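Single-letter residue listing:
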Amino acid sequence: MDGSQTILYFQIHYLLTIKRIKSYFYLITNHFSLSKEITYKGVPASPGISIGKAFIYTRSSFEIDSQILHESELEKELQEFDHAIELSKKELAKIRTLSYEKIGESGSLIFDAQLEILNDKFFFSKVSQRIHTEKRTASYVFDDEISKLGQILADSKDEYFRDRINDLKDIRNRVIRNLKKEKLVSKVEENSIIIGHELSPADTILFSKRKVQGYASDKGGLTSHAAIISRALRVPAVVGMKDISKKITTGDFIIIDGLTGSIIVNPSEATLLAYEKKLEELKEYEKKLREILYLPSETTDNKPIGLSANIEFDEEIDFIINTGHCGIGLYRTEHLFLEAGDFPSEERQIEEYTNIANVTYPNTVTIRTYDIGGDKLLPRSEKENNPFLGWRGIRICLDRVDIFKEQLSALLRSSREKNIKIMFPMISSVTEVIRAKEILNEVRNDLDGKNIGYDRNIQIGIMIEVPSAYFLADELAREVDFFSVGTNDLIQYLLAVDRGNEYISNLFLEFHPAVVRALKKISDSAHRNNISISVCGEMASNPLATAVLVGFGIDELSVSPSVFPEIKQIIRKINYGEAKVLCDEILKKSTEKEIKSMAEDYYMNKIKN
Ligand code: PEP
Ligand code: MG
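Summarised in this report is the structure supplied together with it. Treat the numbers as computed from the prediction; the structure is a model and nothing was measured.

Comments concerning the overall build of the chain
Regarding its fold elements, the chain presents 26 helices and 16 strands. Classification of the 609 residues of the chain by burial places 56% in the buried group. For the chain, the share of sequence-separated contacts (at least 6 apart) that also reach a separation of at least 24 residues comes to 70%. Total accessible area on the chain stands at roughly 26600 Å², and carbon and sulfur atoms take up 51% of it.

Below is the structure:
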């Protein structure tokens with residue numbers, strides 16, 4: 001096994017035991033003689049191997065049937081409409097119960113509101129009447145009436161009512177899906193491998209509850225949020241497969257290999273045996289790496305390099321508990337918004353932040369304020385033409401001060417153990433930082449007025465992920481206690497390469513000269529101003545980049561838990577003095593190819609051997 005293989009091998013999660021592979025042999029014996037093995041390639045997005053049945057997920061954008069009905073069809077249409085409404089109510093009631101169990105009363109109110117609309121007799125008698133008189137299909141009239149309601153809400157001056165448009169959209173999709181007799185998304189078969197055209201972060205989370213064994217999609221790039229979530233959930237994923245969702249059908253027997261970015265349909269006996277062997281090797285390798293967890297994270301010439309984990313979901317907290325000695329360099333809070341379908345209450349947040357602070361104690365946890373927008377859900381229904389350049393991250397928080405204050409208050413109130421740091425995302429100007437700090441001060445004053453305790457020396461940091469922040473690094477460094485570089489966005493914005501677009505994933509280059517030079521400048525600015533700098537973007541989890549980041553003086557790497565031991569092992573083999581020399585040479589190069597090959601050479605000569 002060569003170096004890069006071993007790294008990735010470690011990341012593979014043993015989703016399938018050998019015993020299970022053997023039982024599959026039995027199940028598909030006949031299958032071998034009938035079907036030919038075909039391999040499709042995509043972008044490996046989350047390592048891991050799973051073998052199982054495919055489930056094709058179609059996020060239905062339902063066509064509205066606009067034809068005029070014949071008199072004799074009306075009765076049936078009305079019956080089907082009633083049936084669809086009843087089904088939708090049942091679904092919502094179930095979701096409401098589930099949500100109550102998971103997130104309590106406040107998070108479930110959104111479903112109550114939706115149920116209320118479905119119980120509105122006046123509204124539905126109007127729809128039925130129109131179906132009758134205009135002889136239009138139920139989907140046509142229902143869609144039209146919902147759009148009218150949506151328009152009234154959109155015109156409302158009250159923000160609360162404007163926000164309810166999302167509820168209407170959900171209802172519309174649910175009822176129309178039921179009219180079309182389409183399956184409910186969450187009814188995917190347990191243990192299946194989901195194949196879709198495009199998977200949103202919400203789909204990915206929703207499916208995870210069904211013990212999904214893997215994700216593959218036509219669209220998406222390595223750093224799209226759905227890909228990050230798959231990695232966080234430790235589920236293998238392959239994205240950017242162009243038209244895989246058309247080539248595979250539900251029930252097909254497949255292997256998803258998140259290491260090589262392949263999907264193998266109808267694997268032969270030999271292929272299955274090869275995977276059996278791979279899994280055995282992986283188990284051995286993982287055992288060896290576990291030992292390294294307890295050794296210090298420092299270079300051979302004794303420079304300590306902070307190593308922490310990026311955490312996005314409750315499921316990942318186990319990693320912190322199990323390792324017991326690692327901080328969190330990036331705690332994303334967007335999942336709270338996704339789960340609740342709205343901004344969570346301050347109490348719910350306090351529960352979450354206090355728990356994560358306790359679990360991480362005595363290490364620190366850097367909690368990032370909401371970075372909603374971009375490819376993550378937005379708290380309003382209108383689509384933006386350029387969401388990544390749109391209403392996102394700190395911009396939303398500075399516009400919705402009420403929401404921002406609740407989050408800051410929850411963070412402060414959870415900070416009594418003094419191990420929480422607060423981080424603001426998507427900062428593009430000094431003014432934004434000053435304003436965010438002003439709001440934080442107002443929250444502090446409120447808490448002081450109520451005699452509520454909190455960490456008075458709480459550290460405040462920002463993410464450096466927008467090119468303007470790179471240019472303003474010195475000024476920004478004077479305003480905060482730390483920087484954390486979000487390479488996923490920094491690269492996207494610096495190189496004008498959409499991080500989620502599979503057609504240009506070959507242009508998303510971590511070793512592009514502009515990227516490495518930016519890292520050097522940001523690191524120098526941080527140190528010149530005596531603040532610390534970490535990297536929490538996916539580049540920190542790339543074993544080839546470790547020596548480069550260390551050589552540029554990055555103090556801390558916050559990485560995906562799945563690569564944590566591997567990156568620790570690499571840090572322990574790096575000589576800081578040598579890494580600095582490597583970086584001096586790298587800065588003289590003007591092409592990505594040269595820089596990458598220098599990083600590869602260092603890796604092959606100094607780490608692997
Ligand atoms: C980044 O941009 O690198 C980052 C860590 O933030 P996110 O991926 O959540 O946008
Ligand atoms: Mg980012």
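Description of the sheet that holds strand 5 (residues 214-217)
What the eight strands build is an open sheet, ordered 1-8-7-3-4-5-6-2; its pairing is mixed. Either end of the sheet is taken by a strand with one partner, and the two such strands are strand 1 (38-41) and strand 2 (43-46). Shown here is a sheet whose adjacent strand axes are inclined to one another by a mean of 30°, direction ignored. The pairing of strand 1 with strand 8 (residues 262-265) spans four bridges and is antiparallel. Paired with K41 across the two strands is S262, which belongs to strand 8.

Observations regarding the side chain of R172
Topologically, R172 is positioned in helix 8 (residues 165-179). A polar side-chain atom of R172 sits 2.5 Å from a polar atom in the side chain of D143. In contact with R172, other than residues within four places in its own chain, are F62, I64, F142, D143 and I146.

Considering the site of ligand 1
Lining the immediate surroundings of ligand 1 are 17 residues, of which R332, R368, G486, N488 and R499 lie closest. A distance of 3.4 Å separates an oxygen atom of ligand 1 from a polar atom in the backbone of G486. Coverage of ligand 1 by the protein chains reaches 100% of its 290 Å² of free accessible surface. Mapped onto the shell around ligand 1, the elements with two or more residues apiece are helix 10 (225-233) and helix 21 (487-495). Looking at the shell around ligand 1, the element that brings in the most residues is helix 21, giving three residues.

A closer look at the sheet that holds strand 11 (residues 365-368)
Backbone-to-backbone hydrogen bonds join strands into a sheet, with any given pair of strands oriented parallel or antiparallel. Pairing is parallel around the closed barrel formed by eight strands, whose spatial order is 9-10-11-12-13-14-15-16. When the angles between neighbouring strand axes are averaged without regard to direction, this sheet yields 25°. Judged from the three bridges that link them, strand 9 (residues 306-311) and strand 10 (residues 328-331) form a sheet pairing that is parallel. Bridge pairing links A309 to I328 in strand 10. Helix 15 (residues 346-360) contacts strand 10, strand 11 and strand 12 (420-424) of the sheet and is inclined by roughly 155° relative to strand 11.

Some remarks on the pattern of salt bridges
The final tally for this structure, using the stated rule, is 34 salt bridges. The salt bridge partner of K126 is E145, with a shortest N-O separation of 3.5 Å. Taken as a pair, K126 in helix 5 (residues 121-134) and E145 in helix 6 (residues 138-155) lie far apart in primary sequence, 19 residues in all. Given the relative accessible area of 37%, K126 is considered partly exposed. Linked by salt bridges that have partners in common, K126, R130, E134, D144, E145 and K148 make up one network.

Rules used throughout
- In this convention, every chain numbers its residues from 1, walking through the sequence in written order.
- All chains are assigned letters beginning with A, and all ligands numbers beginning with 1, in the order in which they are written.
- In view of the model being predicted, local features appear only for residues whose pLDDT reaches at least 70, and side-chain atom pairs are presented and counted only at 80 or more, with totals across whole chains, interfaces and linings using the full set of residues.
- Excluding hydrogens and water, the side-chain values take into account all heavy atoms of the structure.
- Think of it this way: any DSSP run of H or I at least four residues long counts as a helix, any run of E at least two long counts as a strand, and we number them from the N terminus.
- Exposure categories follow from relative accessible area, calculated using a 1.4 Å probe and restricted to protein chains: below 20% of the type maximum is buried, above 50% is exposed, and the middle band is partly exposed.
- Any two residues whose heavy atoms approach within 4.5 Å at even a single point are treated as in contact.
- Values of accessible area rely on a 1.4 Å probe in the Shrake-Rupley scheme; residue burial ignores everything except the protein chains shown.
- The criterion for strand pairing is that DSSP finds at least two bridges linking the strands in question.
- Each axis is a line fitted through C-alpha atoms, taken for helices only over the stretch in contact, and angles between the N-to-C directions span 0 to 180 degrees.
- Residues adjacent in sequence count toward polar contacts only when both atoms are side-chain atoms; beyond that, a polar contact is any pair of N or O atoms within 3.5 Å, and within protein one must be able to donate a hydrogen and the other to accept it.
- If a single non-hydrogen atom of a residue is within 4 Å of a molecule or strand, that residue counts as near it.
- We define a salt bridge as a contact between a side-chain nitrogen of Lys or Arg and a carboxyl oxygen of Asp or Glu at a distance within 4 Å.

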